[in-house]
Amino acid sequence: MNDHPTETGLDPQDWEAFRARAHEMLDRAMDHMMGAGEGPVWRAPTEDLASRFSRPVPQDGQGGDAVMADIAALMPFGVGNAHPRFLGWVHGAGTPSGVIPELAAVAMNANLGGRHHGAALVEKQVVNWCKSLFGFPEEASGLIVTGTSMATIIALKAARDRVLGFVNRAEGNGGGGLVGYASAEAHACIARAFDLLGLGSDALRKVPVTDAFEMDIDALRQRIDWDRARGLTPFVVIGTAGSVNTGAIDDLDALADIAAEHGMWFHVDGAFGALGLLSPEIAPRLSGIGRAESLAFDFHKWMQVTYDAGCVLIRDEEAHRRAFSDRPDYLSPATRGLSAGNPWPVEYGPELSRGFRALKVWAQIAEHGVAKLGQVVMQNCAQARYLANRIAQEPMLQPLAPVSLNICCFRFVAQGLDGDALDRLNDEIVIRLQESGIAAPSTTRLGGELAIRVNITNHRTRLADMDILADAVIKTGQAVVDEI
Ligand SMILES: *Cc1c(COP(=O)(O)O)cnc(C)c1O
C-alpha cells in the first residue's frame, strides 16, 4: 500500500519485528502463569516501578521495545490473586485459557453496543447459557457487564422504573417513598446502586441477621410493615447468595415468598455464591435463585474468568428494555445489513460502546465445561471446611463464623488480651502475612470483633495451603505477642 507522504497510521512499520515481540510477550505471559504458585503472594510496588509509571506524557513514542520493558517490569507486581495462597477478599484466580480468547478479541476489536456481527452471537450464547444454568426462562434478558456492581445498578433500575411505570425516565423522579430491603451483611454495591439511582442509600433498609449471618426473616416482615404504616412503598427485596463477609446464603425461598406477597421485585446478589449452582452439593441451597426477578453475579470470581466480567439476568425482558432503551431515530431498527441484529445490547444497559468480554467467558465455559467449573467451587468449599476443622483443634485459634461456603473467619487469641488489643494483634498478623508473601488473607469485622478472613475462590488452592496458612498465623501471632 502506498501512503501519501502526509498520511500516517499506527500499524507496525515492521510486522516481522512486531510478531517476534508479540511472541516474546506470549512466552513471558506463559512463564508468569506457570509460575503463579511460586514466590511471594504479593510484593509492594518498588520505587523503580513507580518511576517508570510517573513520567510526563510522551510527545514522541518510545517504541515497542521500551514499552515491552516497562510491561515486563510491571508484571511481578500484581495483586497476587493468581497465587494459590491469595486468600483475601473475593478475587478469582483467572486461567491461562483466557489468553487465547483475549488475543482474538484484541484482533477483532469488536464493539458490542449493537449491530449485526459475530461477536453479538457469542454474547447471546453466554447469556442464554446463564439463563439455563440459573433457572431463568428463555424469554428473560441479560447483559454481560463489568461486574456485579454494574449488574446491580441495572437490575435495580429496572425494578425501580417498573414500579414507577417508567414515567420517571423523562420526569426525573428518582422514586420518593420507594424503599428496599437487604441484610445488614449485604454488599456495599447495593447501597451504592440506591444512591446512584436517586433513591438514596437510606432507602435501603439493612435488615438484621441471625447467628448464621443470614437475613432475619421476622425482622424483615416487621420492617416492611413499619414502612408501609408510614406510607412508604416497599418495592424490592434483595437476597444475598454468598455474603462477602462469611459466605452466608439468605433464605431465598422465604424472600421470594415475601416479595410475592407484597408485590415486590426479588433481586439476588449472587456475585460469587450463585456459582454454587454449578456444584450438585451446594445447588439445593440456591434453588430460590430460579424464583428471582433478577440476578447479579460475576464470572471473574468463582468462574475464574480473567477480569473483568459479570452478568445481570432479568426475568421481565420488557421491564429491562423499557428501563434503558431510548433508541434515537438514526439508530432505528433495521432488518438487513450491519444495523440489523435487534434488539441491541445498548437497549439493556447504560453503556453504548462495549468490549468483547463475552468471548473469554464463552471460552472458559466451552473449554472446561460447567461440571469441572463446579468441581472447583466444591473443592474450595471443602478447603474452607478443612481449615475450620484445623482451627477447632488449635487452642490459639478461635472460629468467629460458621463456614457456609468457601469463607472461614477466625482469629488468633492470646491469654490476657481482649477487645482492642486482640483486634490490633490480628490486624498485625494479617499485615505481616501479606508483607512476608506467605499468604494473603484479609480482615473483616464480625459482631464487633476483628476477624482474619479467608476466602477461597481459587482453582490453584490446595488443602496443604490451609495448613501453611494456619501454621503461619500461629507462628506470627506468637511472634507479635512476644514483642508486646
Ligand atoms: C464482589 C461482590 C460484589 C461486587 O461485585 P464486583 O464484581 O466487584 O462489582 C457484590 N456482592 C458480593 C457478594 C460480592 O462478593
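Preceding block: the structure.
Conventions adopted
Residues numbered from 1 in each chain as written. Predicted model: local features only at pLDDT ≥ 70, side-chain atom pairs only at ≥ 80, totals over all residues. Heavy atoms only, no water. Pairing = 2+ DSSP bridges. Helix = DSSP H or I, 4+ residues; strand = E, 2+ residues; numbered from the N terminus. Axes fitted to C-alpha atoms, helices over the stretch in contact; angles between N-to-C directions. Contact = heavy atoms within 4.5 Å. Buried < 20%, exposed > 50% of the residue type's maximum accessible area, 1.4 Å probe, protein only. Patch = residues over 30% accessible without salt bridge, like charges linked within 9 Å, V, L, I, M, F, W, Y side chains within 5 Å. Areas by Shrake-Rupley, 256 points an atom, 1.4 Å probe, with all protein chains shown as cover. Salt bridge = Lys/Arg side-chain N within 4 Å of Asp/Glu carboxyl O. Parallel < 35°, antiparallel > 145°, perpendicular 65-115°, else oblique. Left-handed = near helix turned anticlockwise from the far one by under 90°. Nonpolar A, V, L, I, M, F, W, Y, C, P; charged D, E, K, R; others polar. Disulfide = S-S within 2.5 Å.

Where strands meet in a sheet, backbone hydrogen bonds hold them as pairs that are either parallel or antiparallel. Pairing in this open sheet of seven strands is mixed, and the strands run S2-S8-S7-S6-S5-S3-S4 from one edge to the other. In the strand order of this sheet, the two ends are held by strand S2 (141-145) and strand S4 (204-207), each with one partner. Between one strand axis and the next, the sheet turns through 20° on average, direction left out of account. Two elements, strand S7 (residues 294-298) and strand S8 (residues 310-314), share five bridges in a ladder whose sense is antiparallel. Opposite Asp298, over in S8, you have Gly310 as the bridge partner. Along the sheet, helix H8 (residues 188-196) contacts strand S3 (178-183), S4, strand S5 (233-240) and strand S6 (265-269); its crossing angle with S5, the most-contacted strand, is approximately 155°.

What follows concerns unusual backbone geometry. Along the chain, Tyr307 connects to Asp308 via a cis peptide bond; the corresponding omega equals -10°. Examined against the element boundaries, Asp308 turns out to sit in the loop between S7 and S8. Located in the positive-phi region is Asn109, a residue other than glycine, with phi close to 45°. Topologically, Asn109 is positioned in the loop between helix H4 (99-108) and helix H5 (118-133). Assessed through its relative accessible area of 65%, Asn109 is described here as exposed. One non-glycine residue, Gln304, lies in positive phi territory at about 65°. Judged by its relative accessible area of 2%, Gln304 falls in the buried class.

With that settled, consider a nonpolar patch on the surface. On the surface, Leu26, Met30, Met34 and Leu103 cluster together into a nonpolar patch covering about 390 Å² of accessible area. Structurally, Leu26 is set in helix H1 (residues 15-34).

Here we come to the packing of helix H6 (residues 148-163) against H8. A pair of packed helices can be characterised by two numbers: the angle between their axes and the separation between those axes. The interhelical angle for the contact between H6 and H8, taken along N-to-C directions, is 45°, at an axis separation of 9 Å. By the angle between their axes, H6 is oblique relative to H8. Both H6 and H8 take part in a crossing whose hand is right-handed. Residues Thr148, Ser149, Thr152, Ile153 and Leu156 of H6 form the contact with H8, whose participating residues are Cys189, Ile190, Ala193, Phe194 and Leu196. Per-class residue counts for the contact of H6 with H8 are seven nonpolar, three polar and no charged.

With that settled, consider the packing of H1 against helix H3 (residues 64-74). Close contact between H1 and H3 brings their axes to 11 Å; oriented N to C, the two are set at 5°. Relative to H3, H1 is oriented roughly parallel. Residue-level contacts link Arg21, Glu24, Met25 and Arg28 of H1 to Gly64, Asp65, Met68, Ile71 and Ala72 of H3.

A separate point is the state of the cysteines. Across all of its chains, the model carries zero disulfides by this definition. With no disulfide of its own, Cys130 lies closest to Cys311 among cysteine sulfurs, the gap being 4.6 Å. Note on Cys130: relative accessible area 0%, which makes it buried. There is no disulfide at Cys381, and the cysteine sulfur nearest it, in Cys408, is 12 Å away. For Cys381, a relative accessible area of 2% corresponds to the buried category.

A separate point is the sheet that holds strand S12 (residues 449-455). A sheet is described by the order of its strands in space; here five strands give the open sequence S1-S11-S12-S10-S9, paired in mixed fashion. Here the strands that pair on one side only, and so sit at the sheet edges, are strand S1 (86-87) and strand S9 (397-399). Direction of pairing for strand S10 (residues 407-412) relative to S12: antiparallel, over a ladder of four bridges. Residue pairing across strands places Phe410 opposite Ile452, the latter belonging to S12. Strands in contact with helix H14 (residues 463-483) are S1, S9, S10, strand S11 (440-446) and S12; relative to S10, the strand with the most contacts, it is inclined by about 25°.

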